[in-house]
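Fold and contact review
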Amino acid sequence: MTSLQILLESVESARRDFIAECEGLSPAQVNFKPDPESWSILDNVEHIVRAEQSGISGLWKALDGFNRNEPIWQGDPIHRGLSIEEIVERTWQTKEKVPPIAAPQWGGSLNYWLAMCRAQRSMLQELVQELEGLDLELIIFPHPISGPMDAQQRLEFLRFHARRHQEQVRRIKGSEGYPGF
């Protein structure tokens, strides 16, 4: 297994765990908000889908630019060699504001958003196949909060982000007033 395949599996593992945390819930549980400013579980799932779509699409754009020798981003790769945890620590505020492209907007059925979440797997697998053997540090797609991140860091972000929101879902489930069914 290559390092890229190992990274892909870490993303998939985080996604599976996130999905498992959100399955089998009642409508009351899915839509519960601990307070008016908080997101519901449904909001978290929609956000994960929208954020992953944006990130995966951006990586494809960056790869296409790299292959044409026309990178979509040029400048100082300020995060070179850093893990995603280090990048987030350096660039995020305690309660970060979601970029509009990844903000929950549609609502609807939890099962729809979970199906969309599962569907990301095939898009990511194809992207990883295209990235295999390339220098990931040279394929850069900026994150709206953290700035320029290379392909490895962007893939690490998918893992990190799913784990972060899985923990948010757990906190919602442990909140006072969370419905029992």
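Right, let's walk through the structure included here. Everything numeric in this text was worked out from a predicted model, so none of it was measured. As a convention, each chain's residues are numbered from 1 in the sequence order in which they are written. Local features in this predicted model are restricted to residues whose pLDDT is 70 or higher, and side-chain atom pairs enter the listing and the counts only when it is 80 or higher, whereas totals over whole chains, interfaces and linings include all residues. To get the side-chain values, all heavy atoms of the structure are used, and hydrogens and water are removed first.

It is worth spelling out the pattern of salt bridges at this point. Salt bridges are counted wherever a side-chain nitrogen of Lys or Arg sits within 4 Å of a carboxyl oxygen of Asp or Glu. Applying the stated criterion to the full structure yields 13 salt bridges. Between Lys33 and Asp43 there is a salt bridge whose closest N-O contact spans 3.7 Å. Placement of the pair is Lys33 in the loop between helix H2 (27-31) and helix H3 (41-67) and Asp43 in helix H3, with a sequence separation of 10 residues. Judged by its relative accessible area of 40%, Lys33 falls in the partly exposed class. Only protein chains enter the area calculation, which uses a 1.4 Å probe; residues under 20% of their type maximum are buried, those over 50% are exposed, and those in between are partly exposed. When its relative accessible area of 14% is taken as the criterion, Asp43 is described as buried. If you follow the salt bridges from partner to partner, you end up with Glu12, Arg15, Glu52 and Arg121 in one network. What counts as a helix is a DSSP run of H or I of at least four residues, what counts as a strand is a run of E of at least two, and both are numbered from the N terminus.

Attention now moves to the layout of surface pockets. Buriedness of a pocket was judged along seven lines, with at least five required to meet protein on both sides within 12 Å; pockets are open sets of points on a 1 Å grid over the protein atoms alone, cavities are sets where a 1.4 Å probe fits but cannot get out, and lining residues have an atom within 4 Å of a point. Grid points are joined across faces, edges and corners, and a volume is the space filled by probe spheres set on the points. The volume enclosed by the largest pocket comes to roughly 720 Å³. Lining the largest pocket are 30 residues, with Trp39, Lys95, Glu96, His165 and Gln168 sitting closest to its centre. Looking at which element gives the most residues to the lining of the largest pocket, the answer is helix H6 (residues 151-173), with eight residues.

This part takes up the pairing of strand S2 (residues 147-150). Only when DSSP finds a minimum of two bridges between them are two strands counted as paired. Bridge count between strand S1 (residues 140-143) and S2: four bridges; the pairing is antiparallel. Bridging from a neighbouring strand, Ile140 pairs with Asp150 of S2. Where S1 hands over to S2, the hairpin turn is made up of three residues, counted between the paired strands.

A word on the packing of aromatic side chains. Note on aromatic contacts: the rings of Phe and Tyr and the six-membered ring of Trp form a pair at centre separations within 6.5 Å, being stacked when their planes are under 30 degrees apart, edge-to-face when over 60 apart, and tilted otherwise. Counted according to the given criterion, the structure contains six aromatic pairs. Seen in terms of ring centroids, Trp92 and Phe160 are 6.3 Å apart; in terms of plane orientation they differ by 85 degrees. Their pairing is edge-to-face. One end of the pair, Trp92, is in the loop between helix H4 (84-91) and helix H5 (110-131); the other, Phe160, is in helix H6, and 68 residues separate them in sequence. The class for Trp92 is buried, based on a relative accessible area of 16%. We classify Phe160 as buried; its relative accessible area is 14%. On the numbers, 5.8 Å between centres and 50 degrees between planes, the contact of Trp106 with Trp113 is tilted. The class for Trp106 is exposed, based on a relative accessible area of 59%. Residue classification places Trp113 among the buried residues on the basis of a relative accessible area of 2%. Pairwise contacts between aromatic rings join Trp92, Phe157 and Phe160 into one cluster. Lysine and arginine charges are scored as sitting over a ring when NZ or CZ, respectively, is within 6 Å of the ring centre and within 35 degrees of the ring normal. The residue whose ring lies beneath Arg50 is Trp106, and the NZ or CZ to ring-centre distance is 5.9 Å.

Looking now at the state of the cysteines. A pair of sulfur atoms, both from cysteines and within 2.5 Å, is called a disulfide here. Per the stated rule, a full pass over the model turns up zero disulfides. A disulfide-free cysteine, Cys22 has its sulfur positioned 7.9 Å from the sulfur of Cys117, the nearest such atom. For Cys22, a relative accessible area of 0% puts it in the buried group. With relative accessibility at 0%, the residue Cys117 sits in the buried group.

Below, the discussion takes up the side chain of Gln120. Locating Gln120 in the fold gives a position in helix H5. Gln120 sits in the buried class, given a relative accessible area of 1%. Those residues within four positions of Gln120 in sequence are excluded, and the remaining contacts are Arg15, Val49, Glu52, Gln53 and Ile56. Every residue pair with non-hydrogen atoms within 4.5 Å of one another is taken to be in contact.

What follows is about the packing of H4 against H6. In contact at an axis separation of 9 Å, H4 and H6 are set at 80 degrees when each is read in the N-to-C sense. As the angle between them shows, H4 and H6 are arranged roughly perpendicular. Seen from H4, the contacting residues are Ile84, Glu85, Ile87 and Val88; seen from H6, they are Gln153, Glu156, Phe157, Arg159 and Phe160. Note on residue categories: nonpolar means Ala, Val, Leu, Ile, Met, Phe, Trp, Tyr, Cys or Pro, charged means Asp, Glu, Lys or Arg, and polar means any other residue, Gly included. A per-class count over the contact of H4 with H6 returns five nonpolar, one polar and three charged. Angles shown run from 0 to 180 degrees and are taken between the N-to-C directions of axes, each axis being a line fitted to C-alpha atoms and, for helices, limited to the stretch in contact. In this scheme, roughly parallel covers angles under 35 degrees and roughly antiparallel covers those over 145, while 65 to 115 is roughly perpendicular and the rest are oblique.

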